[in-house]
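Coordinate inspection notes
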Amino acid sequence: MLSKSTQETAHCRMSPHSAARVVVVGAGLSGLSAASTLVKAGFQHIQVLEAMGRPGGRVYTTKPFGQNVIELGANWIHGQEANPLFLLAQEQGLLLEERGSASIMCLPGSVTPRDYFFRESRRQLPVDEVEQVCSFFSGLTSRAFESELEPRHSSQSLGGYLDEEFAQSPLAALEDGPRVFEWCKRSECTDEASSSLYEVSASQLGHYVALEGGFFNSLGPGGYQALADTLLDNLPPGALLCDRPVHSIHWALQEEKNHTRPVRVLCQGGQCFMADHVIVTVPLGFLKENAVAMFEPALPKSKADAIERLGFGTVDKIYLRFEDRFWPHDCAGIQLVWDAGPEDEEVYQHSQSEGGAWRDMWYKKICGFDTVARHPTVLCGWITGREAQHMESLDEKIVGEVCVRMLRSFTGWSVPEPAQVLMSKWGSERYVRGSYTYPPPGVDAVREHTALAAPLPLPCEAGNSQAKPLQVLFAGEATHVNFYTTTHGAYMTGIREAQRLIDHYSDSEPRFL
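Residues numbered from 1 in each chain as written. Predicted model: local features only at pLDDT ≥ 70, side-chain atom pairs only at ≥ 80, totals over all residues. Heavy atoms only, no water.

Going by an unreviewed UniProt entry, the protein chain carries the name Amine oxidase and comes from Oncorhynchus mykiss. Here the protein chain is described in UniProt, under the heading Cofactor (unreviewed entry), as follows: "FAD". (UniProt positions renumbered as here; feature names shortened; annotations may be inferred.)

Section: helix H6 (residues 158–167)
Each α-helix winds once per 3.6 residues, and so residues spaced three or four apart point in a common direction. Within H6, eight of the ten residues are buried, leaving the element largely enclosed by the surrounding structure. Within H6, burial applies to Leu 158, Gly 159, Gly 160, Tyr 161, Leu 162, Asp 163, Glu 165 and Phe 166. Where H6 is buried, its residues meet helix H5 (127–145), helix H7 (177–192) and helix H11 (345–353). (Buried < 20%, exposed > 50% of the residue type's maximum accessible area, 1.4 Å probe, protein only. Helix = DSSP H or I, 4+ residues; strand = E, 2+ residues; numbered from the N terminus. Contact = heavy atoms within 4.5 Å.)

Section: the environment of Ala 167
Position of Ala 167 relative to the elements: it lies in helix H6. Residue classification places Ala 167 among the exposed residues on the basis of a relative accessible area of 58%. For the pair Ala 167 and Glu 323, spaced 156 residues apart in the sequence, the C-alpha separation amounts to 44 Å.

As for the pattern of salt bridges
Inspection of the entire model under this criterion finds 24 salt bridges. Residue Glu 165 pairs with Arg 143 through a salt bridge whose shortest N-O separation is 3.5 Å. With Glu 165 in helix H6 and Arg 143 in helix H5, the pair connects residues that are 22 residues apart, well separated along the chain. Classification of Arg 143 by relative accessible area gives partly exposed; the value is 25%. In this structure, Asp 344 and Arg 179 form a salt bridge, with 2.9 Å as the shortest nitrogen-oxygen distance. Residue Asp 344 is found in the loop between strand E16 (333–337) and H11, and its partner Arg 179 is found in helix H7; the two are separated by 165 residues along the sequence. Through salt bridges with shared partners, one network takes in Arg 119, Arg 123, Glu 175, Asp 176 and Asp 339. (Salt bridge = Lys/Arg side-chain N within 4 Å of Asp/Glu carboxyl O.)

Here's the deal with the sheet that holds strand E6 (residues 115–119)
Across the sheet, six strands lie side by side as E6-E16-E17-E18-E15-E19; this open sheet has mixed pairing. With partners counted over all chains shown, the strands left at the sheet margins are E6 and strand E19 (420–423), one partner each. Taken over all neighbouring pairs, the strand axes of this sheet differ in orientation by 20° on average, direction set aside. Where strand E15 (residues 315–321) meets strand E18 (residues 375–384), seven bridges bridge the pair, whose relative direction is antiparallel. In the sheet register, Asp 316 faces E18, and the bridge partner there is Ile 383. (Pairing = 2+ DSSP bridges. Axes fitted to C-alpha atoms, helices over the stretch in contact; angles between N-to-C directions.)

Some words on the packing of H5 against H7
Axis angle and axis distance: for two packed helices, these are the angle between their axes and the distance between the axes, and together they describe the pair. Close contact between H5 and H7 brings their axes to 9 Å; oriented N to C, the two are set at 45°. With respect to H7, the axis of H5 lies oblique. As for how H5 packs across H7, the hand of that crossing is right-handed. Across the interface between the two elements, Glu 129, Val 130, Val 133, Cys 134, Phe 136, Phe 137, Leu 140, Thr 141 and Phe 145 of H5 pack against Gly 177, Val 180, Phe 181, Trp 183, Cys 184, Lys 185, Glu 188 and Glu 192 of H7. Residues that form the contact of H5 with H7 fall into these classes: eleven nonpolar, two polar and four charged. (Parallel < 35°, antiparallel > 145°, perpendicular 65-115°, else oblique. Left-handed = near helix turned anticlockwise from the far one by under 90°. Nonpolar A, V, L, I, M, F, W, Y, C, P; charged D, E, K, R; others polar.)

Description of the sheet that holds strand E11 (residues 272–275)
Sheet strands associate in pairs through backbone hydrogen bonding, adopting either a parallel or an antiparallel arrangement. Taken together, the four strands give an open sheet; going across it, the order is E11-E10-E9-E13, and neighbouring strands pair in mixed fashion. Each of the sheet's edge strands pairs with one partner strand only, and the pair in question is E11 and strand E13 (295–296). Direction of pairing for strand E9 (residues 246–250) relative to E13: parallel, over a ladder of two bridges. Residue His 250 lies in a different strand from E13, and its bridge partner there is Glu 296.

This is the structure:
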């Protein structure tokens, strides 16, 4: 009969992955999908470390206004066909099948005849003119996303390309055309998570792949968190530790008597975890602020450059709950069209040279206020970039007062004071520092996304026979070439890195006849 130690040795020899220790840093969708995939594959030593006091990361489902959910973070599923998150939600019965307002809940840029557009003069704009401009704008952005731009636009910003094309259109001669076009650019900033479209590359958007089937954000009573919970349910007790911010990751450790594993993860509270592999799933915004001090030895230049070059912007929501509905029942949104909005090229260029004066007009970056599914007396405003970050520094009461003042000024309606004001603060969140990724002008997005995703040690370093492979792996939406900015991109990269480890151990397992 074999001794216990001999049995354990034989077991590890037959299944090397069962002895492998993997630490996952971050419990967002990428971290949870990585951990869940590894557990399902038979990995027995998985530890997920989450800095915040809750799992989910940039998924943040709350219930501040009663029984129904409010999403402070991720809001919708980008496309349905071949979208693993949509399929997961469908399989788990997490989709709300009702239609109507639920299908366009807080969806920026989804202009319908039920959107009321107002100029500063309180004049409501004709639906047909608004639709013409918005349709033309949509066609221009589609050409960028489908890589159909003429060569002369290859080095331009998205804002510059759009302005040049619009100036040649007869719509530019319409009384309200240029102002509605500026609103379109402001709305697009929400999709790009940028301070301005003049800071986004036009040509690099062609690498993003939009899945077919439209946006679907009619999630059921559990909201987006229900998707994260589905992944959490796959983890064994104790696998997730919240309130465990990671201070440093020491990799390429030499084997010593007291440890044989190549990576040491040290938490801010002093807790230490030794690992064979670490999957880092923290947001790009956090890496921009902390990567230099977080890794020992330092990250390779290619990865450090990718962290610096890729853009990472802030998108925030402002929820206003009123005691009673004051807007018409056929109104799906109140859109604000400024005489001189922040995405007007002259206004933008002037703001770049005037120091901090733009802070006095931060509210102009708000596109409008949309109705919210299952909340008949709630409106949601969207704001992006540096203006969003400035808003986060203000008291919610002040933000609510500014929003009500704008609604009254543009519409002329009798707008009451809100009963509650709630806003997200993703730029201020120390373990996130923003919302999602975008490609700035002059950046080779494919190269940078790929460099950010590359595991350590790099192939050139792994040639050293002493270096254990796949010590530090990277996942998250910023590491996906085609699905950056999206929840399904984050989810898929977690699975990608888990599969990388599964394949590594499958290749190393002995074969028995």
